[in-house]
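Single-letter residue listing:
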Amino acid sequence: QVPLVESGGGLVQPGGSLRLSCAAPARIFSSNAMGWYRQAPGKQREMVARITVGGGTYYPSSVKGRFTISRDNAKNTMYLQMNSLKPEDTAVYYCNTDLPVREYWGQGTQVTVSS
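Residues numbered from 1 in each chain as written. Predicted model: local features only at pLDDT ≥ 70, side-chain atom pairs only at ≥ 80, totals over all residues. Heavy atoms only, no water.

*Asks:* Whenever I open this one, the side chain of Asn-96 confuses me. Can you help?
*Replies:* Along the chain, Asn-96 turns up in strand E9 (residues 91–97). Judged by its relative accessible area of 0%, Asn-96 falls in the buried class. A polar side-chain atom of Asn-96 sits 3.1 Å from the main-chain amide nitrogen of Val-101. Look past the residues within four positions of Asn-96 in its chain and what remains in contact with it is Leu-4, Met-34, Gly-35, Tyr-37, Val-101, Tyr-104 and Trp-105. (Helix = DSSP H or I, 4+ residues; strand = E, 2+ residues; numbered from the N terminus. Buried < 20%, exposed > 50% of the residue type's maximum accessible area, 1.4 Å probe, protein only. Polar contact = N/O pair within 3.5 Å; in protein donor to acceptor, adjacent residues only side chain to side chain. Contact = heavy atoms within 4.5 Å.)

*Asks:* Help me understand the pairing of E9, please; the structure alone is not making it clear to me.
*Replies:* In summary, the side chains of a regular strand alternate between the two faces of the sheet. Among the 7 residues that make up E9, 7 are buried, leaving the element largely enclosed by the rest of the structure. Across 6 bridges, strand E4 (residues 34–39) lies against E9 in antiparallel orientation. Paired with Gly-35 across the bridge in E9 is Asn-96. Bridge analysis of E9 against strand E10 (residues 109–113) gives 3 bridges, and the strand direction is antiparallel. Paired with Val-92 across the bridge in E10 is Gln-110. (Pairing = 2+ DSSP bridges.)

*Asks:* Would you mind showing me how to read the packing of aromatic side chains here?
*Replies:* Here a ring pair, both rings aromatic, is described through the centre-centre distance and the interplanar angle of the planes. Enumeration over the complete set of coordinates arrives at 2 aromatic pairs. For the pair Tyr-37 and Trp-105, a centre-to-centre distance of 5.1 Å together with 80 degrees between the ring planes defines the contact as edge-to-face. Remark: Trp-105 occurs in the loop between E9 and E10 and Tyr-37 occurs in strand E4; sequence separation between them is 68 residues. Given the relative accessible area of 6%, Tyr-37 is considered buried. On the basis of an interplanar angle of 85 degrees and a centroid distance of 5.9 Å, the ring pair of Tyr-94 and Trp-105 is categorised as edge-to-face. (Phe/Tyr/Trp six-rings, centres within 6.5 Å; stacked < 30°, edge-to-face > 60°.)

*Asks:* I would appreciate a short explanation of the sheet that holds E9 in the present structure.
*Replies:* Strand pairing in a sheet relies on backbone hydrogen bonds. The paired strands run either parallel or antiparallel. What the 6 strands build is an open sheet, ordered E2-E10-E9-E4-E5-E6; its pairing is mixed. Both edges of this open sheet fall to strand E2 (10–12) and strand E6 (57–58), since each of them pairs with a single strand only.

*Asks:* Sorry, what's going on with the nonpolar core here?
*Replies:* Most often, soluble globular proteins keep nonpolar side chains buried together rather than apart. The biggest cluster of nonpolar side chains holds 28 residues, and the ones touching the most others in it are Trp-36, Ile-69, Met-78, Leu-80, Met-82 and Tyr-93. In this structure, Met-78 is in contact with Leu-20, Ser-21, Cys-22, Phe-29, Met-34, Gly-35, Trp-36, Ile-51, Ile-69, Ser-70, Arg-71 and Cys-95, ignoring residues within four places of it in sequence. (Core = buried A, V, L, I, M, F, W, Y, C linked by side-chain atoms within 4.5 Å.)

*Asks:* Where do I start with the environment of Thr-97 in this structure?
*Replies:* Its location among the elements puts Thr-97 in strand E9. On the basis of relative accessibility, which here comes to 3%, the residue Thr-97 falls in the buried class. Separated by 41 residues in sequence, Thr-97 and Gly-56 place their C-alpha atoms 14 Å apart. In this structure, Thr-97 is in contact with Ile-28, Asn-32, Ala-33, Met-34, Gly-35, Tyr-37 and Tyr-104, ignoring residues within four places of it in sequence. Here Leu-99 takes part through its backbone oxygen, which lies 3.0 Å from a polar atom of the side chain of Thr-97.

*Asks:* Would you take a moment to explain the environment of Thr-109 for this structure?
*Replies:* On the secondary structure map, Thr-109 appears in strand E10. We classify Thr-109 as buried; its relative accessible area is 10%. Thr-109 has contacts with Glu-6, Ser-7, Gly-8, Gly-9, Leu-20, Ala-91, Val-92 and Tyr-93, leaving out every residue within four places of it along the chain. A polar side-chain atom of Thr-109 sits 2.9 Å from the main-chain amide nitrogen of Gly-9.

These figures capture arrangement, not role.
Listed below in structure tokens is the structure:
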């Protein structure tokens, strides 16, 4: 089992935008619903978006209307478009299957929202 690979994080001002990417092996990506998760210092990891193989989506109230999850099954890649970012969005962002598998957690990508 290999970790999934997240990229695209960085430092942005409040109100700014970032687009994260997640690459996964085809045999995992093509047959699973996927999710984006984040973990801030001292807090539990939480799901911020999920998407089914067919494209159905879910967002918690904390990010609804600001984040958009998408997937390109042909490229085995998932994306998270984050707009109107807030300081409380600061965290390490991870991707995994919808029901996460321990071995799939990667290093994540750092998102910092600060003025």
